Amino acid sequence: MSNTLFMILVVVIAASCVGSVAAQDNSIQLNLDSTSYEDGDTMVVYGKVPTTLPDEQMRLQVLYRSTVLLVDQFDVAQDGTFTYLVNTQGSQWVHDGQYTVRVWYGHDNTSQYFEYATKSIEDTLGMFEVADGRGGTFDVSYSIRGGDVNSMQVDYENLAIQISIDAEQSGRILLDLPREYIDSIHNDGGDAQYITLVNGVQRDHVDDMGQDIRRVVINFDADTTDIMIVGTQVVPEFSSVFIILIGGIVTASILSRFRMRTFL
């Protein structure tokens, strides 16, 4: 290979690498001043773009799931920085849970998530005596926002706790579930996610998987009546029954199928 051809290849490869690095750096830096907010808080959205564009404004959306709460656009400073204030209050800010801030500038876009709580709804704290269906009970501590708990009971067929509520509005329920009475584990002994159903529809939830207590937080919508938490084993306090799922986690569509019960 001639020296001239070799030098051309070196230049081409170097230019390609520089272009690749530039492309990787060509993204919007998006930040929020906190990861969680309550009703009436002011959220500060700020960041920087790598290159300012003539006559181009930043476009912004705030969403709860697929519902758009806010749409706006604003100028970016000459140095590429931007700041925008969001008032987390209004008729659409009625759900507890995860929200999204999304921005667009030129052909680039990015998003950030944050948690929101409607502090105007008070939490009701309580301890519920859960009927195991076999003459025994065990206690579950809970708090609920936006509704009232009517009953909790063990559902042996689905290896679950069934919770009946009256939901006055969208809200959330927090439950401290003792592992010795209900748990969800893999065959190797590691923790597995519960399956949570709200009015029969699978719903994401928060589970801190503590050593003795698993704290579960589930959001629900207005008019919700039934919440089910499905594990892999249920151990009633006053019963010799031990129920365990063979085969690990299953999907919500086969809650009662392919589950096996072993009686000690």
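Residues numbered from 1 in each chain as written. Predicted model: local features only at pLDDT ≥ 70, side-chain atom pairs only at ≥ 80, totals over all residues. Heavy atoms only, no water.

**Q** Which residues make up the confidence of the model for the chain, and what values do they have?
**A** Model confidence for the chain is summarised by a mean pLDDT of 79, while 77% of its residues fall at 70 or above. Note on residues 4–25: pLDDT is under 50 here. Beyond four places in sequence and across chains, it has three contacts. Here residues 237–264 scores under 50 on pLDDT; set against residues more than four positions off or in separate chains, the count is 68 contacts. (pLDDT = per-residue confidence, 0-100. Contact = heavy atoms within 4.5 Å.)

**Q** Tell me what's going on with the sheet that holds strand β6 (residues 81–87), and back it up with residues and numbers.
**A** Spatial ordering of the open sheet is given by β1-β3-β6, a layout of three strands whose pairing is antiparallel. Edge strands, defined here as strands with exactly one partner in the open sheet, are β1 (29–32) and β6. Adjacent strand axes in the sheet meet at a mean angle of 20° when their direction is disregarded. Two strands pair when backbone bridges link them, and β1 and strand β3 (residues 42–48) are joined in this way by four bridges, in the antiparallel orientation. (Pairing = 2+ DSSP bridges. Helix = DSSP H or I, 4+ residues; strand = E, 2+ residues; numbered from the N terminus. Axes fitted to C-alpha atoms, helices over the stretch in contact; angles between N-to-C directions.)

**Q** Can you break down unusual backbone geometry residue by residue, with the values?
**A** Peptide bonds are, in most cases, trans, and in most cases residues other than glycine have a negative phi. Phi angles above zero are rare outside glycine, and aspartate 55 is one such case at about 60°. If you trace the backbone, aspartate 55 turns up in the loop between β3 and β4 (58–64). One non-glycine residue, arginine 65, lies in positive phi territory at about 55°.

**Q** Talk me through the nonpolar core; I want residue IDs and the actual numbers.
**A** Core analysis: the biggest nonpolar cluster contains 28 residues, and Val149, Met152, Ile163, Ile173, Leu175 and Leu177 have the highest contact counts within it. Mapped by element, the contributors of at least two residues to this core are β9 (123–131), β10 (137–155), β11 (160–178), β16 (213–220) and β17 (226–230). Excluding residues within four positions of it along the chain, methionine 152 makes contact with Phe128, Glu129, Val130, Ala131, Val140, Tyr142, Gln162, Ile163 and Leu175. Of all hydrophobic cores here, the second largest spans 24 residues; its members include Val45, Leu69, Phe82 and Tyr99. (Core = buried A, V, L, I, M, F, W, Y, C linked by side-chain atoms within 4.5 Å. Buried < 20%, exposed > 50% of the residue type's maximum accessible area, 1.4 Å probe, protein only.)

**Q** Just give me the short version of the environment of aspartate 33, but keep the residues and values in it.
**A** Relative to the assigned elements, aspartate 33 resides in the loop between β1 and β2 (36–38). Taking relative accessible area as the criterion, aspartate 33 reaches 42% and is therefore assigned partly exposed. The spacing of aspartate 33 and methionine 43 is 10 residues in sequence and 6.7 Å in space, taken between C-alpha atoms. Contacts of aspartate 33, omitting those with residues within four sequence positions, involve Thr42, Met43, Val44 and Tyr46. At a separation of 2.6 Å, a polar atom in the side chain of aspartate 33 contacts the side chain of tyrosine 37. Among the polar contacts listed, one links the side chain of aspartate 33 to the backbone nitrogen of valine 44, at a separation of 3.0 Å. (Polar contact = N/O pair within 3.5 Å; in protein donor to acceptor, adjacent residues only side chain to side chain.)

**Q** Before we move on, can you summarise the side chain of serine 184 with the specific residues and values?
**A** As for its position among the elements, serine 184 is in the loop between β12 (182–183) and β13 (195–198). Polar side-chain contacts of serine 184 include one of 3.2 Å to the backbone oxygen of glutamine 193. Look past the residues within four positions of serine 184 in its chain and what remains in contact with it is Asp191, Ala192, Gln193, Tyr194, Arg214, Gly231 and Thr232.

**Q** Residues and numbers for the packing of aromatic side chains, please.
**A** Applying the stated criterion to the full structure yields 10 aromatic pairs. Judged by centre distance (4.8 Å) and plane angle (45°), the rings of tyrosine 64 and tyrosine 99 are tilted. A residue pair is termed long-range when its members are at least 10 positions apart, and tyrosine 64 in strand β4 and tyrosine 99 in strand β7 (residues 97–105) qualify at 35 residues. With a relative accessible area of 6%, tyrosine 64 lands in the buried category. Taken together, Tyr37, Tyr64, Trp93, Tyr99, Phe114 and Tyr116 form an aromatic cluster joined through their ring pairs. The ring of tyrosine 194 carries the charged tip of arginine 214 above its face, separated from the ring centre by 4.1 Å. (Phe/Tyr/Trp six-rings, centres within 6.5 Å; stacked < 30°, edge-to-face > 60°. Lys NZ or Arg CZ within 6 Å of the ring centre and 35° of its normal.)

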